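Each chain, letter by letter, is given below.
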Amino acid sequence: MEEQDKKKLEAVKLRMEKLAEELEKHNKAYYIDNAPTVSDEIYDSLFQELARLEKEYPQFKSPVSPTERVGATVQSELKKVTHAVPMLSIHTETDYTAQGAYDFDARVRRELELTPDQTIDYDCELKFDGLAINLRYEDGVLVQAATRGDGYTGEDVTANVKTIKTLPLKVDGFPKIFEVRGEVIMHKEVFRKLNEEQEAVGAKLFANPRNAAAGSLRQLDSALTAKRNLNFYAYGYGEVSEMPADTQSGLLDYLKSKGFPVISNRIVVQTPEQLEAFHLEVARIRHDLPFDIDGVVYKVNSFARQKQLGFVSREPRWAVAHKYPPEEVQTQVLDITVQVGRTGKLTPVARLKPVFVGGTTISNVSLHNEEFLQNMGIKIGDTVVVHRAGDVIPEIVRVIPELRPKDARDFVMPEFCPVCGSHAYKEDGEKDRHCSGGLFCRAQRAQSILHFVSRKAMGIDGIGEKLAEQLIEHDLVTTVADIYRLTVDKLVGLDRMGQKSAEKLVASIEASKKTTLERFLYAISIPEVGEATARNLASHFGALKPLEEASLEQLQEVEDIGPSGAENILHFFAEPANIAVINDLMDRGVVWEEGTGTSGQELPLNGLTFVLTGTLPTLSRDEASDIIRKAGGKVSGSVSKKTSYVLAGESAGSKLAKAEALGVNIIDEPELFKMINQGVKADG
Ligand SMILES: NC(=O)c1ccc[n+]([C@@H]2O[C@H](COP(=O)([O-])OP(=O)(O)OC[C@H]3O[C@@H](n4cnc5c(N)ncnc54)[C@H](O)[C@@H]3O)[C@@H](O)[C@H]2O)c1
Ligand SMILES: [Zn+2]
């Protein structure tokens, strides 16, 4: 055997063992403790994965696999009951779409060897989401009620079941022995109230009505069960001495006539189209039902046909549960790659083993940013839970660490853009990493062209999304500077581009060359530099050169630019490729008028150091510091000989005393305003 095949088989075997282990753990939590730790959808998807692998690799299948067993072995203090007829499970159709109905029909017809002209009746029912119960009547009297347990041995809950008010304790004219089977459930409204009460007394909340029903039924004290307001619906039978019906629907009619609660949402049909229609109709009304269901059940109606079909391990062949598409499934992360968005944002994306969730197949899902990845703790190879409801974008909601393979790998975000190789940076406190090659990165090209030509930028008319894509595709525009290399000849011949519109576009391009620094700075797509910031930069520096050479501190002196904005600008101008594009633009004839800007101007508080103490009448400390800095002054924390002024407010403390001792000038808030507004230094 090839080394690689051997490795793969080993991995499969390990995965199967882990899945089995995980499922057993969930079985215990669900059936014994009534406190599941994962949703049924996740449980089902793990179960189905194991079943699939067992089919493909039967050599690794364990004889005690969870796929072979029903429920979990009973471990409670309730008396044990051996079922006269085992209580099995129902096969869950793995195809949640309409196809599930067709698959079931095809299977049944094949196994019964029906010819196309032979019809078959199916009884369609709701699949109650509660717990199965076997009610044994002898001579019409309820003598014993038992839970399903592991299918063979259940728990005696007779006293508890008797508290269910809708259940007949005595039935007239019943056969000598009749075991009625059905589901004990808790209505949604009852569940809601119960959890409210639990919360009020600080008790544990139930995860869902099914678990609340199970927990309430499996009590040692039936007085407690009585308070829980449980319900029961009949859907089947166990040991029966004399069967009064020969079809499933006939049996349910009979039980109804004998006073058992039987739900009226059921129908007998013949074709898979009709099965599908029932599935769809119930999907439409399911949320209006007073109780939870987790799908519908199709049963071959004739008991004789059922007998013919028989059972396979834990399931009858004559019935199938057709659930609704899960909104939550598990799958594996095969790889994590990085996508560069139109704005240069780097997004890690999980490449998934394709899964069907929320009605579609998903094969990749965004991981947003490094922080998300870290918080989730996702590694390549991990099994993750994917959620998708309705039209909402699919999301990874968590990792199942128990299913992590040994060779799971960490993912590290690249320091360079995977598209253009520019430095990809992330500022402190920011979540996203950006490619700094805004003007030439292939991923950002279309975006940067559209932005560049937009009305408030260079104001070039006639380049829309379609044309921008074409310009890139035909290698006419690699960087925005190439826009100034476009000629009528080059443009004519592009999709929907005639001589006239080409001439108009070229004229508009030509006219845009004469611009302003403000427009230019806005046009070149510096991350987070919008119109207002571009205007502030232009008026502060007056020219491009001093801006290109500005330090982080100098950039922060510009109105409304904080540390993060300053860093963006610094990174942008540090990227040689960006500078090359800017130079190219100027070589192509883009011009603007330059001035000196305000940065060199004398500010009123230039060279002065302030110390703040006490409470000022109108300004907070931060506001006052801000005003001082904007006016060119410095703010310091302690008083020294170098302090120019102490700005003192009410209940000033030791700093004031020190200032007095050192002979430092002391001013109040109005005096500060005066210094700034009049540019006059208070005398000192
Ligand atoms: N979340 C967890 O951790 C966890 C753990 C174990 C099991 N589960 C859930 O339990 C279920 C699997 O267990 P299962 O073997 O009981 O299978 P099942 O619940 O899917 O199907 C069998 C059961 O369906 C019920 N049922 C409801 N309506 C019926 C009808 N009209 N006719 C016949 N039967 C009807 C019966 O109680 C029967 O025992 C799955 O839904 C699974 O998601 C969840
Ligand atoms: Zn890039």
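Residues numbered from 1 in each chain as written. Chains lettered and ligands numbered in written order. Predicted model: local features only at pLDDT ≥ 70, side-chain atom pairs only at ≥ 80, totals over all residues.

### Focus: the overall build of the protein
Part 1 of the reasoning: Within the protein, the secondary structure is distributed over 24 helices and 24 strands.
Part 2 of the reasoning: Among the 684 residues that make up the protein, the fraction classed as buried is 35%.
Part 3 of the reasoning: In the protein, once contacts between residues fewer than 6 apart in sequence are set aside, the share between residues at least 24 apart is 66%. (Helix = DSSP H or I, 4+ residues; strand = E, 2+ residues; numbered from the N terminus. Buried ≥ 20, exposed ≤ 12 C-beta atoms within 10 Å, placed from the backbone. Contact = placed C-beta atoms within 7 Å.)

### Things to note about the nonpolar core
Inside soluble globular proteins, nonpolar side chains tend to come together where they are buried.
Part 1 of the reasoning: In this structure, Val180, Val184, Ala213 and Tyr298 are the most contacted members of the largest nonpolar core, which totals 60 residues.
Part 2 of the reasoning: The contacts of Val180, once residues within four sequence positions are left out, are Leu135, Tyr137, Ala234, Tyr237, Leu255 and Phe260.
Part 3 of the reasoning: The next biggest cluster of nonpolar side chains, apart from the first, holds 43 residues, and it includes Phe452, Tyr522, Ala534 and Leu585. (Core = buried A, V, L, I, M, F, W, Y, C linked by C-beta atoms within 7 Å.)

### Brief notes about the sheet that holds strand E5 (residues 141-147)
Part 1 of the reasoning: Ordered in space as E5-E4-E7-E8, the 4 strands form an open sheet in which the pairing is antiparallel. Across the chains shown, the open sheet's two edge strands, defined by having one partner strand only, are E5 and strand E8 (231-240). Averaged over all pairs of adjacent strands, the angle between strand axes in this sheet comes to 30°, irrespective of strand direction.
Part 2 of the reasoning: With 7 bridges joining them, strand E7 (residues 177-185) and E8 adopt antiparallel strand pairing. Residue pairing in the sheet places Val180 in a bridge with Tyr237 of E8. (Pairing = 2+ DSSP bridges. Axes fitted to C-alpha atoms, helices over the stretch in contact; angles between N-to-C directions.)

### A word on the site of ligand 1
Part 1 of the reasoning: In the region of ligand 1, 26 residues are neighbours, and His26, Tyr30, Asp40, Ser89 and Ala132 sit closest.
Part 2 of the reasoning: At the level of secondary structure, the elements contributing two or more residues to the shell around ligand 1 comprise helix H1 (3-32), helix H2 (40-56), strand E3 (122-128), E8 and strand E10 (293-300).
Part 3 of the reasoning: Residue composition of the shell around ligand 1, by class: 13 nonpolar, 6 polar and 7 charged. (Near = placed C-beta within 6 Å. Nonpolar A, V, L, I, M, F, W, Y, C, P; charged D, E, K, R; others polar.)

### As for the UniProt feature "binding site: NAD(+)" (unreviewed entry) in the protein
Part 1 of the reasoning: According to UniProt, the feature "binding site: NAD(+)" (unreviewed entry) maps to Asp40, Glu41, Ile42, Tyr43, Asp44, Ser89, Ile90, Glu125, Arg148, Glu183, Lys299 and Lys323 in the numbering used here.
Part 2 of the reasoning: Structurally, the position occupied by Asp44 is in helix H2.
Part 3 of the reasoning: On the neighbour-count criterion, Asp44 (21 C-beta atoms within 10 Å) is buried.
Part 4 of the reasoning: Setting aside residues up to four positions removed in sequence, Asp44 forms contacts with Thr92 and Pro326. (UniProt positions renumbered as here; feature names shortened; annotations may be inferred.)

### What to know about the packing of helix H12 (residues 445-453) against helix H13 (residues 465-473)
In helix packing, the relevant descriptors are the interaxial angle and the interaxial distance, both defined with respect to the helix axes.
Part 1 of the reasoning: Following both chains from N to C, one finds H12 and H13 inclined at 125°, their axes separated by 9 Å at the closest point. In terms of orientation, H12 and H13 fall into the oblique class. Our pair here, H12 against H13, has a crossing hand that is right-handed. Between H12 and H13, the residues in contact are Arg445, Ala446, Ile449 and Leu450 and Glu465, Ala468, Glu469, Leu471 and Ile472, respectively.
Part 2 of the reasoning: A breakdown of the residues in the contact of H12 with H13 according to their chemical character gives 6 nonpolar, no polar and 3 charged. (Parallel < 35°, antiparallel > 145°, perpendicular 65-115°, else oblique. Left-handed = near helix turned anticlockwise from the far one by under 90°.)

### Quick look at the pairing of E5
Part 1 of the reasoning: Relative to E5, strand E4 (residues 131-138) is paired through 6 bridges, and the arrangement is antiparallel. Its bridge partner being in E5, Glu138 is matched across the sheet by Val141.
Part 2 of the reasoning: The antiparallel hairpin formed by E4 and E5 contains 2 residues in its connecting segment, where Asp139 sits at a positive phi of about 50°.

### Observations regarding helix H20 (residues 563-574)
Part 1 of the reasoning: The end-to-end C-alpha distance of H20 is 16 Å, a good match for the 16 Å that 12 residues give at a rise of 1.5 Å each.
Part 2 of the reasoning: Within the sequence span of H20, burial applies to Gly565, Ala566, Glu567, Asn568, Ile569, His571 and Phe572.
Part 3 of the reasoning: At its buried positions, H20 is contacted by strand E19 (424-425), helix H17 (531-541), helix H19 (552-556) and helix H21 (576-587). (Expected span 1.5 Å × (residues − 1).)

### As for unusual backbone geometry
Part 1 of the reasoning: Non-glycine residue Glu528 carries a positive phi angle of around 65°.
Part 2 of the reasoning: Following the sequence through the fold, Glu528 ends up in the loop between helix H16 (517-523) and H17.
Part 3 of the reasoning: One non-glycine residue, Asp560, adopts positive backbone phi at about 65°.
Part 4 of the reasoning: Looking at where Asp560 falls in the secondary structure, it is placed in the loop between H19 and H20.

### With respect to the sheet that holds strand E21 (residues 609-613)
Part 1 of the reasoning: Pairing is parallel in the open sheet, where 4 strands are placed in the order E22-E21-E23-E24. On the outer flanks of this sheet lie strand E22 (634-636) and strand E24 (665-667), each paired with one strand and no other. Direction aside, neighbouring strands of the sheet carry axes that sit 35° apart on average.
Part 2 of the reasoning: Direction of pairing for E21 relative to E22: parallel, over a ladder of 3 bridges. Residue pairing across strands places Phe610 opposite Val635, the latter belonging to E22.
Part 3 of the reasoning: Those strands touched by helix H22 (residues 621-630) are E21, E22 and strand E23 (645-648), and its axis lies near 170° from that of E21.

### Describing the pairing of strand E15 (residues 345-357)
Part 1 of the reasoning: For strand E14 (residues 328-340) and E15, the ladder comprises 7 bridges, and the chain directions are antiparallel. The residue bridging Val333 from the neighbouring strand is Leu352, located in E15.
Part 2 of the reasoning: Two successive antiparallel strands, E14 and E15, enclose a turn made up of 4 residues, where Gly344 displays a positive phi of approximately 95°.
Part 3 of the reasoning: Across 2 bridges, the pairing between E15 and strand E20 (residues 433-435) is antiparallel. Of the residues in E20, the one forming a bridge with Leu346 is Arg433.
Part 4 of the reasoning: Counting the residues between successive antiparallel strands, the hairpin from E15 to strand E16 (residues 360-366) contains 2 residues, one of them, Gly358, with a positive phi of roughly 55°.

### Here's the deal with the environment of Arg305
Part 1 of the reasoning: Counting through the fold element by element, Arg305 comes out in helix H10 (residues 303-309).
Part 2 of the reasoning: C-alpha separation for the pair Arg305 and Asp121, spaced 184 residues apart in sequence, amounts to 9.8 Å.
Part 3 of the reasoning: Sequence-distant contacts of Arg305, that is, excluding residues within four places in its chain, are made with Leu112, Ile120, Val300 and Trp318.

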